[in-house]
Amino acid sequence: MKRSNNYGITLIALVVTIVVLLILAGITIRLVFSNDGIISKAREAKNATENSELSDRQALNDLDNLINNVFNSNPSNDDNSSGYLDGDGSVQNPYRVSSIEDLVAFSQDVNSGNSYSEKNVILDVDLNFESDNSYINPNTTEFGDINGDGTTSTIKEEVTTGNGFVPIGTIGSSPADGNMFSGTFDGQNHSIENYNINVSHIPQGGALALFLSNNGTIKNLNINSMDISSTSSIDDDVYITSLCFLNNGTIENCSVTGDISGTDTNIYFSSIAGNNYGTIKNCYNKANINFTTDKITIAASGICTNNYGKILMSANEGNINATFSDIYGSAIVPVAITYRTASFSGIANNNVGEINGCYNSGILSTNNAEQSIISGISANNYQGQTNGKIYNSYNLGNLSGDATLSNTIVSGISSSEKGIIQNCYNVGVTNVSCSFFSQMGISKGLSIGLSSNMSNCYTLNDVSEDDKYKQLPGVEFGGITTLDSDAMKNESLADSLNKSIDSEYNGKILFIKNANGYPTVSMN
């Protein structure tokens, strides 16, 4: 827009007025307009002020650029060595993964036999498989046919299509036969996003994960969002884990977030570990997991599929749901047909090890399953040469099983009375819909809680819809005491749960009263 001339006229009138006022005040024309006069001094002061402001603005810009470079570093700008890990692996100068190329090179190196034993690797930045900014050059072809489709494409296409990124580590007929990562991988609280898995071609004995095998330490890492898909008919079982399939070492302070979906696969899914022989601690699943399938089996766990080691102070806070295609409709199903089964657990589907200080707050549910097992902590707590142990754990989430033709089992803690269950409670609502069912707040079995290995456990008295399972508040049966909601929120429950138990972590994990009234666990 063109500026009006009135502005210039007004400014001239203002200057004339000021000069006249100065003369009337006894100030001479020379004093006003001379080289060392008032106007000249004012002009010098104005210029000095402008120069000072310019210098300040430049300093602020330099500081802003420095902050951006430190906190928003882009691998394409800072890492110019494609697939080369800077550093020497020491604590002071660890190997650095700063791009997808570095992650691919790291995977290839481990899978070729470099275990990184006693070496340190860190993730320097957030990595997003779908973002060009996470690559030094998303169009490079120097890494060859990563996804195994027989052709070489750009690295971004290779790791996001076909089989996609090749997991870190390998497994063989036994753990000793594989190439396992044995160093320390520190994610530094960074995230790896949009890690896609296509199970059309099942490698490595039917297992896929970011780390296929770990004998060292993985810590401070977040996996954000996964898509699990199949473009062909897969009838074999597939084991998918967001973080690590076979853990013989330690996984700590790790999490899985975002959305995870899968289709058309007999799948066993877990967020943190598939088979855990080591230790998982302070890990969380916060992702919502949804599967839609017409296959036979869906099993999902917030933390671990099969636990033979220890799971400590970990939790599932995400919702888990499976919907089976209604392929039978109302037709009569032949007796010989295999039922479509869903098995969901907040922590571990099968537990032969120890679960201590864990909880589930996610909603676990199924639709159109013929039979299902839904448990807040562990579907199967086994008893054998080594008892499965569940200590100091609780369920807050609502559990819902839908079995149209056979049966469903829904339980707040475990669907098995075997093993040891101590110092646990359930306040989640359980619900089933089928012709034959069993449900229980703590543990389900034919003898309804008569296990001698269950003690000091509590459940809401209205947890069951079936009259024969309802108990009056304060009545104890098989190691389970039913309480009303007021008693469950009373501080005396936390005191009771803190009683001595047979665990090496006794005295380290304690129940404390939470703001919402129910006891929560904390580590001393």
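Since this is a predicted model, take the numbers as computed values, not measurements.

Criteria and cut-off values
- Residues numbered from 1 in each chain as written.
- Predicted model: local features only at pLDDT ≥ 70, side-chain atom pairs only at ≥ 80, totals over all residues.
- Heavy atoms only, no water.
- Pairing = 2+ DSSP bridges.
- Helix = DSSP H or I, 4+ residues; strand = E, 2+ residues; numbered from the N terminus.
- Axes fitted to C-alpha atoms, helices over the stretch in contact; angles between N-to-C directions.
- Salt bridge = Lys/Arg side-chain N within 4 Å of Asp/Glu carboxyl O.
- Buried < 20%, exposed > 50% of the residue type's maximum accessible area, 1.4 Å probe, protein only.
- pLDDT = per-residue confidence, 0-100.
- Contact = heavy atoms within 4.5 Å.
- Phe/Tyr/Trp six-rings, centres within 6.5 Å; stacked < 30°, edge-to-face > 60°.
- Core = buried A, V, L, I, M, F, W, Y, C linked by side-chain atoms within 4.5 Å.
- Polar contact = N/O pair within 3.5 Å; in protein donor to acceptor, adjacent residues only side chain to side chain.
- Expected span 1.5 Å × (residues − 1).

Our next topic: the sheet that holds strand E9 (residues 244–247). Read from one edge to the other, the open sheet built from 6 strands follows the order E6-E9-E13-E18-E23-E28, with strand pairing classed as parallel. The strands lining the two open edges of the sheet, one partner per strand, are strand E6 (211–214) and strand E28 (378–381). Strand-to-strand, the axes of this sheet are offset by a mean angle of 10°, without reference to chain direction. By the bridge criterion, 3 bridges tie strand E18 (residues 304–307) to strand E23 (residues 348–351) in an arrangement that is parallel. Note on E23: the bridge partner recorded for Cys 304 is Ala 348.

Turning next to the pattern of salt bridges. Counted by the stated rule, this structure contains 2 salt bridges. Its salt-bridge partner being Asp 124, residue Arg 96 comes within 3.1 Å of it at the nearest N-O pair. Of the two residues, Arg 96 is situated in strand E1 (residues 95–97) and Asp 124 in the loop between strand E2 (120–123) and strand E3 (127–128); the sequence distance between them amounts to 28 residues. Judged by relative accessible area, Arg 96 falls into the partly exposed class, the value being 29%. The partly exposed category is assigned to Asp 124, whose relative accessible area is 25%. For Lys 156, the salt bridge goes to Asp 132, with nearest N and O atoms at 2.8 Å. Taken as a pair, Lys 156 in helix H6 (residues 155–160) and Asp 132 in the loop between E3 and H6 lie far apart in primary sequence, 24 residues in all.

Okay, the confidence of the model for the chain next. Residue-level pLDDT values for the chain average 76, and 64% of them are 70 or greater. Per-residue pLDDT, averaged within each element of the chain, yields its smallest value for strand E39 (residues 476–477) (44) and its largest for strand E10 (residues 250–252) (98). Here residues 64–77 scores under 50 on pLDDT; set against residues more than four positions off or in separate chains, the count is 14 contacts. Contacts for the low-pLDDT stretch residues 328–337, under 50 throughout, to residues beyond four places or in other chains number 6 contacts.

Here we come to the packing of aromatic side chains. Tallying each qualifying case throughout the model produces 19 aromatic pairs. When the centroid spacing of 5.6 Å and the interplanar angle of 85° are considered together, the rings of Tyr 95 and Tyr 116 count as edge-to-face. Residue Tyr 95 is found in strand E1, and its partner Tyr 116 is found in the loop between helix H5 (100–111) and E2; the two are separated by 21 residues along the sequence. Pair check on accessibility: Tyr 95 and Tyr 116 agree, each one buried.

So, about the nonpolar core. Counting 79 residues, the largest nonpolar core has Phe 106, Leu 221 and Leu 243 as the members making the most contacts within it. The element best represented in this core is H5, accounting for 6 residues. With residues near it in sequence (within four places) discarded, Phe 106 still touches Leu 85, Tyr 116, Val 121, Ile 168, Phe 181, Phe 185 and Phe 211. Counting residues in each nonpolar core, the second largest holds 17 residues, with Tyr 359, Leu 493, Ile 509 and Phe 511 among its members.

To continue, consider the side chain of Thr 170. Position of Thr 170 relative to the elements: it lies in the loop between H6 and strand E4 (184–198). A distance of 2.8 Å separates a polar side-chain atom of Thr 170 from the backbone nitrogen of Asn 179.

A separate point is the environment of Ala 348. Residue placement: Ala 348 occurs in strand E23. You can call Ala 348 buried: its relative accessible area is 0%. A C-alpha to C-alpha distance of 4.7 Å links Ala 348 and Cys 304, two positions 44 residues apart in sequence. In this view, Ala 348 contacts Ser 301, Cys 304, Thr 305, Asn 307, Ile 311, Ile 355, Ile 377, Ser 378 and Ala 379; residues no more than four positions away in its chain are not counted.

Our next topic: H5. One turn of the α-helix equals 3.6 residues, which is why residues spaced by three or four share an orientation. In this model H5 runs 16 Å from its N-terminal to its C-terminal C-alpha over 12 residues, within 8% of the 16 Å that 1.5 Å per residue would give. The buried fraction of H5 amounts to 10 of the 12 residues, a majority that puts the element mostly inside the structure. The complete set of buried residues in H5 reads Ile 100, Glu 101, Asp 102, Leu 103, Val 104, Ala 105, Phe 106, Ser 107, Val 110 and Asn 111. Buried residues belonging to H5 abut E1, E2, E3, H6, E4 and E6. Two residues or fewer after H5 comes Gly 113, characterised by a positive phi angle close to 120°.

Looking now at unusual backbone geometry. Backbone geometry places Tyr 116, a non-glycine residue, at a positive phi of 60°. Of the residues examined, Tyr 116 reaches a relative accessible area of 6% and is grouped as buried. For Met 313, which is not glycine, the phi dihedral falls at a positive 45°. Using a relative accessible area of 12% as the deciding quantity, one classes Met 313 as buried.

On to the side chain of Thr 140, then. With respect to the element layout, Thr 140 can be found in the loop between E3 and H6. Classification of Thr 140 by relative accessible area gives buried; the value is 11%. Only 3.3 Å separates the side chain of Thr 140 from the backbone nitrogen of Glu 142, close enough to count as a polar contact. Those residues in contact with Thr 140 that lie beyond four places of it in its chain are Glu 101, Ser 153, Thr 154 and Ile 155.

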